[in-house]
Each structure stands twice: as C-alpha cells, then as structure tokens.
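# Working through the structure, step by step
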Amino acid sequence: MVSEKYQSASELMPQVSIVVPMHNEEGAATRLIHEICSAAQALDAFEIVVVDDGSTDQTLARLVDARQTTTQLRILRHTVAGGQSAAVHSGVTAARAAVCVTLDGDGQNPPSDLPSLWRPLLDDPDQKIGLVAGQRVGRQDTQAKKLASRFANALRGWMLKDGTRDAGCGMKGFRRETFLALPYFNHMHRYLPALFKAQGWTVVHVDVSHAPRQSGQSKYTNIGRAAVGVWDLLGVAWLIKRAKTVRAEDETL
C-alpha cells in the first residue's frame with residue numbers, strides 16, 4: 001500500500017520528475033537529496049519523488065527533515081517493502097512531469113550524471129526517443145557481483161537483442177506515459193531497453209559513473225537474482241515476440 005501522507009511539492013509544473021526508490025538508506029538520504037538539487041539547478045522546475053519502500057530504519061525521518069528545506073521533494077511510502085520495480089512504478093505513477101528519470105537511493109549513482117539522462121528527451125522535438133539508459137563505467141562493486149552481472153547481461157543481450165551492456169543500472173530517463181503503458185511486473189526495471197524497443201521507441205545509451213556504497217546493504221544476492229532472472233528473461237522474451245510496434249499519432253481533421 002502506498003501512503004501519500006508525506007507528499008509535498010512546489011507549485012510550478014516540473015520539466016522533469018526525479019524518482020528515487022529507497023529502502024533502509026538512512027545514511028545516504030540527506031546527502032543524495034542535496035546532490036540531486038544541485039544537479040537540477042539548470043531546469044526551470046523539477047520535482048524529486050522519493051518512495052520509501054517499507055524502510056525499517058530512519059530513512060523516512062531523514063527525508064521528512066530534508067523536505068523542510070527542499071520544496072521540490074515529495075515523499076511516498078510503501079507500508080510494506082515491495083522491491084525496486086514496485087517503488088519506481090509508484091513514483092512514476094505519482095510524478096507530474098512528462099519526463100521521468102530514476103536513480104538508486106543508495107548513493108552509488110552520482111546525481112551529477114542526471115542531466116545526461118533528461119537532456120536527450122527534452123531536446124527531442126520529434127519525440128522519437130523513449131528511453132535513455134545509463135551504463136555504468138568503473139563499477140565500485142565486488143568482483144563476484146561484477147562477474148555475475150557480466151554473465152547476466154551477456155545472456156540477456158543474446159536473448160533479447162536490446163543492445164544494452166548494463167541493464168541493471170538504476171539511472172534511466174524515459175517518457176512517463178510510455179513507461180506506465182508497459183506491462184508491469186517485478187524486476188521490470190532491468191528490461192526497460194528491450195521493452196521500449198519492442199514498442200518502436202528509440203533507445204539511447206549513455207555512460208554514467210559509479211560510486212562506492214555510502215550506507216546500507218545490497219538488496220540483491222547473486223543466487224537470488226539468478227533464481228528469478230531466468231523466469232523474467234523468458235517472460236520478457238515472450239512479451240517482445242508478441243509486441244505490436246504501431247504507435248498512434250494525433251491528426252487534425
């Protein structure tokens with residue numbers, strides 16, 4: 001269940017909604033909000049939609065404190081943890097801007113890279129670009145995690161032909177209405193390039209940096225990710241095979 005008790009926002013309609021899922025990130029929350037605001041200063045208006053995904057630490061308290069000085073911050077809360085895809089979906093559903101960007105709430109996705117996600121979408125007059133997908137360089141993870149990710153990306157790329165070397169990167173920018181029209185399922189955030197391409201949208205890839213974890217613990221294990229990844233991959237492959245790529249355009253009669 002999503003609670004809107006903690007919502008707030010500035011009055012201007014935002015150009016971009018920055019959606020951040022968080023689960024037990026009390027050590028990263030305050031700094032991350034400040035860094036996002038710094039990265040978004042060039043925008044006329046923006047909002048930060050943080051979804052506290054059932055945290056059991058002081059994440060929510062840190063966010064409520066940050067909102068006292070950050071009018072652009074909106075806080076949603078899942079009363080029970082639903083996972084990253086569920087948090088992103090709730091945040092995008094609540095977002096007000098036509099363009100949304102996402103980043104992980106643990107501080108490993110530097111907000112300074114955010115403009116490279118929204119700029120191609122805002123500067124696309126023909127609206128042919130549906131997704132801008134970040135791809136991490138210089139990953140600050142354990143060797144075991146990097147090897148497992150490399151194998152998973154190779155297998156996914158071979159099956160889905162999505163042209164993405166790093167589907168697990170949390171930094172993505174996309175058109176809100178198109179994202180919400182996609183079939184929703186757990187872990188869908190890992191398959192957005194393939195899903196957008198299947199609907200006929202252009203997918204742009206940009207390199208982004210990666211920082212060491214500031215606090216908390218990883219929400220995934222290699223074994224756990226592999227267990228669900230096989231079924232997810234087969235399901236997405238089926239969705240893509242059945243997808244229609246026709247898009248309607250407005251026409252003045």
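Here's what I pulled together on the structure shown here. (Residues numbered from 1 in each chain as written. Predicted model: local features only at pLDDT ≥ 70, side-chain atom pairs only at ≥ 80, totals over all residues. Heavy atoms only, no water.)

## Quick look at the packing of aromatic side chains
Applying the stated rule across the entire model yields three aromatic pairs. Summarising the aromatic geometry, the rings of F174 and F179 are spaced 4.6 Å apart at their centres and angled 15 degrees between planes, so their arrangement reads as stacked. Take F174: its relative accessible area is 0%, and that puts it in the buried class. Between F174 and F196, the ring centres sit 6.4 Å apart and the planes meet at 35 degrees, which makes this aromatic pair tilted. A residue pair is termed long-range when its members are at least 10 positions apart, and F174 in strand β7 (residues 172-175) and F196 in helix α7 (residues 192-198) qualify at 22 residues. Its relative accessible area of 0% is what places F196 among the buried residues. Within the aromatic cluster, the residues linked to one another by ring pairs are F174, F179 and F196. (Phe/Tyr/Trp six-rings, centres within 6.5 Å; stacked < 30°, edge-to-face > 60°. Buried < 20%, exposed > 50% of the residue type's maximum accessible area, 1.4 Å probe, protein only. Helix = DSSP H or I, 4+ residues; strand = E, 2+ residues; numbered from the N terminus.)

## Describing the nonpolar core
Core analysis: the biggest nonpolar cluster contains 32 residues, and I18, V20, I48, L114 and W118 have the highest contact counts within it. For this core, the element with the highest residue contribution is helix α1 (residues 29-39), accounting for five residues. Core analysis: the next-biggest nonpolar cluster, separate from the first, contains 26 residues, A94, C100, L131 and L195 among them. (Core = buried A, V, L, I, M, F, W, Y, C linked by side-chain atoms within 4.5 Å.)

## Some words on the pairing of strand β4 (residues 73-78)
A regular strand places its side chains on the two faces of the sheet in alternate fashion. For β4, the buried fraction is high: five of the six residues fall into the buried class. Once the chain exits strand β3 (residues 46-53) it traverses helix α2 (residues 59-67) before rejoining the sheet at β4, and the crossover so formed is right-handed. (Right-handed = clockwise from strand over helix to strand, strands pointing away.)

## Here's the deal with the packing of α1 against α2
Axis separation between α1 and α2 bottoms out at 9 Å; the angle between their running directions is 35 degrees. Like other packed secondary-structure pairs, α1 and α2 cross with a definite hand, here right-handed. Contact residues: α1 offers A29, T30 and I33, while α2 offers R62, L63 and A66. (Axes fitted to C-alpha atoms, helices over the stretch in contact; angles between N-to-C directions. Left-handed = near helix turned anticlockwise from the far one by under 90°. Contact = heavy atoms within 4.5 Å.)

So far we have only geometry, and geometry alone does not tell us how the molecule works.
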